[in-house]
Amino acid sequence: IFGASGIIDLLSVVVTPLTLTPLGLRDLKFVRVLKLGRVVADDWATIRDREVGSLGVGLRAYLVAMFAVLMVGSTLVYHVEGAIHNTAFTDIIAAMWWGAGAMTPLDSGMTPLTLLGRVIAAVTSVCSLVLFAFLIHTIGVALTQTRSDD
């Protein structure tokens, strides 16, 4: 309880009611990101200790990473582009729709206008390509193991 993980858990619980007040404490939500980081680190240790090449573990890791890239990329673009007049990123749902389109060959018709928004878009797209390569690798390893077992 008194270690770093316990302090992060305590801060994330204490911050939640504070963000609902009109005191301008919404910036304290970064503590939740710390808790998410701790949970992902714990899950990563569990995944690392399991059998290497397991299709279920690889797909789970892929889905978690894909969701993380979607959430981080969409949130960053929303905060960067949301303050600009005449932008398509009017709410976080629109930004997530853009993120889903940026991670696939689909075109959502939304483009960031600022340089920082475009850099975030490029990084999000590159991360999705890396994740696709990871998915192909995971499936290939599973098929190779299945074929060598026969």
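Remember, it's a predicted structure, so these values are computed and weren't measured experimentally.

K.L.:
What am I meant to see in helix α3 (residues 55–81) here?
P.N.:
Because an α-helix packs 3.6 residues into every turn, residues spaced three or four apart end up facing the same way. Given a rise of 1.5 Å per residue, 27 residues ought to cover 39 Å, and the 38 Å separating the end C-alpha atoms of α3 matches this to within 8%. Of all the residues in α3, the buried ones are Val-57, Gly-58, Ala-61, Tyr-62, Val-69, Leu-70, Gly-73, Ser-74, Val-77 and Glu-81.

K.L.:
Help me out: how do you make sense of the nonpolar core in this one?
P.N.:
Nonpolar side chains tend toward joint burial in soluble globular proteins. Counting residues in hydrophobic clusters, the biggest one holds nine residues: Val-77, Phe-89, Ala-94, Ala-95, Trp-98, Ala-102, Met-110, Ile-120 and Ala-121. With four residues, the single largest contributor to this core is helix α4 (residues 92–102). Excluding residues within four positions of it along the chain, Ala-94 makes contact with Ala-88 and Met-110.

K.L.:
Explanation requested: the packing of aromatic side chains in the structure shown.
P.N.:
Aromatic ring pairs are described here by two measures, namely the spacing of the ring centres and the angle between the planes. Summed over the entire model, instances satisfying the criterion amount to one aromatic pair. Between the aromatic rings of Phe-89 and Trp-98, the centroid separation amounts to 5.8 Å while the plane-to-plane angle is 80 degrees, which identifies the pairing as edge-to-face. Under the relative-accessibility criterion, Phe-89 is labelled buried at 1%. On the basis of relative accessibility, which here comes to 4%, the residue Trp-98 falls in the buried class.

K.L.:
Before we go on, may I ask you to explain the confidence of the model for the protein in this structure?
P.N.:
Detailed reading of the predicted model is not advised wherever pLDDT is low. Predicted confidence across the protein gives a mean pLDDT of 76, with 61% of residues reaching 70 or more. At the level of individual helices and strands, the protein shows its lowest average pLDDT in helix α1 (residues 4–19), which scores 61, and its highest in α4, which scores 88.

Reading the values: rules and limits
Residues numbered from 1 in each chain as written. Predicted model: local features only at pLDDT ≥ 70, side-chain atom pairs only at ≥ 80, totals over all residues. Heavy atoms only, no water. Helix = DSSP H or I, 4+ residues; strand = E, 2+ residues; numbered from the N terminus. Expected span 1.5 Å × (residues − 1). Buried < 20%, exposed > 50% of the residue type's maximum accessible area, 1.4 Å probe, protein only. Core = buried A, V, L, I, M, F, W, Y, C linked by side-chain atoms within 4.5 Å. Contact = heavy atoms within 4.5 Å. Phe/Tyr/Trp six-rings, centres within 6.5 Å; stacked < 30°, edge-to-face > 60°. pLDDT = per-residue confidence, 0-100.

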